[in-house]
Amino acid sequence: MKLLKPVALATALLASLLAHADINVGVTVSATGPAASLGIPEKNTMALLPKTMGGQKVNYIVLDDASDTTAAVSNTKKLIAESKVDVVIGSSTTPNSLAMIDAVSEAQTPMITLAASAALIEPQDAKKRWVFKTPQNDIMMSLAVAEHMANHGVKTVAFIGFSDAYGEGWYKEFVKAAELKKLQIISNERFSRTDTSVTGQALKIMAAKPDAVLIAGSGTPAALPQKTLKERGFTGKFYQTHGVANADFLRVGGKDVEGTFLPAGPVLVADQLPADHPVRKSALAYVSAYAGAYGQANVSTFGGHAWDAGLVLNAAVPGALKKGQPGTPAFRAALRDELEKVKEVAGAHGVFNTSAADHLGLDQRGRVMVKIENGAWKFQP
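In this report, we go over the structure that sits alongside the text. Every chain is numbered independently, its residues counted from 1 as its sequence is written. Side-chain atom pairs in this predicted model are given and counted only at pLDDT of 80 or more, local residue features only at pLDDT of at least 70, and totals for whole chains, interfaces and linings cover all residues. Hydrogens are left out, water is left out, and the side-chain values use all remaining heavy atoms of the structure.

### Overview of the side chain of Arg193
Think of it this way: any DSSP run of H or I at least four residues long counts as a helix, any run of E at least two long counts as a strand, and we number them from the N terminus. For Arg193, the position within the fold is in the loop between β8 (184-191) and α7 (199-208). The buried label goes to any residue with under 20% of its type's maximum accessible area, the exposed label to any with over 50%, and the partly exposed label to all in between, with areas taken from a 1.4 Å probe on protein chains only. Taking relative accessible area as the criterion, Arg193 reaches 18% and is therefore assigned buried. Any pair of nitrogen or oxygen atoms within 3.5 Å is treated as a polar contact; in protein, a donor-acceptor pairing is required on top of that, and neighbouring residues in sequence qualify only through side-chain atoms on both sides. Within polar-contact distance, the side chain of Arg193 engages the side chain of Asp164 at 2.6 Å. Only 3.3 Å separates the side chain of Arg193 from the side chain of Ser218, close enough to count as a polar contact.

### As for the nonpolar core
What tends to happen in soluble globular proteins is that the nonpolar side chains get buried as a cluster. Membership of the largest hydrophobic core comes to 57 residues, with the highest contact counts inside it found for Val25, Ile89, Ile112, Leu313 and Leu335. A total of 9 residues in this core trace back to one element, the largest contributor, which is helix α11 (residues 301-321). Ignoring sequence-local partners within four residues, the contact set of Val25 consists of Val58, Asn59, Tyr60, Ile61, Val85, Val87, Ile89 and Leu313. Grouping buried Ala, Val, Leu, Ile, Met, Phe, Trp, Tyr and Cys residues that are joined through side-chain atoms within 4.5 Å yields what is termed a nonpolar core. Of all hydrophobic cores here, the second largest spans 50 residues; its members include Ile160, Ala222, Ile372 and Trp377. In what follows, a contact means two residues having at least one pair of non-hydrogen atoms within 4.5 Å.

### Remarks on the environment of Met100
Looking at the secondary structure, you find Met100 in helix α4 (residues 94-107). When its relative accessible area of 0% is taken as the criterion, Met100 is described as buried. In the structure, Met100 is positioned 44 residues away from Gln56 in sequence and 27 Å away in space, judged by C-alpha atoms. Those residues in contact with Met100, other than ones at most four positions away along the chain, are Thr28, Ala72, Val73, Thr76, Val88, Gly90, Ser91 and Met111.

### Quick look at the pattern of salt bridges
We count a salt bridge whenever a side-chain nitrogen from Lys or Arg sits within 4 Å of a carboxyl oxygen from Asp or Glu. Under the criterion given, the structure shown has 14 salt bridges. One salt bridge connects Asp102 with Lys127, and the closest N-O pair in it is separated by 2.8 Å. With a gap of 25 residues between them, Asp102 in helix α4 and Lys127 in the loop between β5 (111-113) and β6 (131-133) connect regions that are remote in the sequence. Looking at Asp102, the relative accessible area reads 43%, which means it is partly exposed. Overall, Lys127 belongs to the partly exposed group, its relative accessible area being 41%. Residue Glu338 pairs with Lys341 through a salt bridge whose shortest N-O separation is 3.5 Å. Looking at Lys341, the relative accessible area reads 46%, which means it is partly exposed. One continuous salt-bridge network, built from bridges that share partners, spans Lys227, Lys255 and Asp256.

All quantities given are derived from atomic positions and should not be read as evidence of function.
Written out as structure tokens, the structure is:
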């Protein structure tokens, strides 16, 4: 009996230590490279996320994947194998995030991506069941664009998008939206994130003589087609995607992006939203936090996606802690399950209600139309 007492004490001590284990959150974002204008505010926002969740201390291990797919996968594997993370947040772009899915599903570690494409979570399968996301789906934003076009006299549209999963995803969804709104797509072009010239594509678009051009790119590279078309004398309407909603795009685009329309998360124009808008209060909370740390001019919708990832995770952790302790397979599995049960979590971009069939959880409260006026974002009622 005397021998049992030390064993019992040791067991109790181990249980106590496990009960107070830290939650480790692994983060990989594109803080350098072509997608840096997305990754920098996401990285900055990590410092603003909750330091405790469900009474447990949270550690954020943040790595830069330099906008490179191979690096994103390497970072993910490192975070899982070496840092023993309970969840992965990232990456900033669709190609990087798609490449990470195999690693997180194999390790059965939940992932909250900050990239936009619906292909990251749809259709649900054995691998994608581990993946969640906070940016709006392409179809939600495509419908907003198509509706605005139809209401403003546009009948023919030229499309030019990234030659990767982001561009392809947008084209696929915009085709559906255009059909619903009786819009004719008369040109379909592609360009690379690292291209320095799109003259050939611009000439084809000019020859088609569309009423409007939709550019499906993200960050500063999305300014290139618009600047080129402006130089060539295109006078129709320009539309961009929510992938350009940051100050760097305005800086690079300059006068050439004046008058551009785009769909965006409410956080982009939080202070312009009506007083009764359901996201105004929660969006302003993020703007205030980020502006206080990094300056008002640096507030970005991309950082808002990281903020929302923190809010969604914070809502899921308490339930997961009832089924397992941080650092264990049981906790990671429970956390995945709880991320499917988030209800009415108001964030910077919308109100999240997830389910087994919907690993995003945003509705139409998660988008507004915006116009670039005098180098700033203007809410379009």
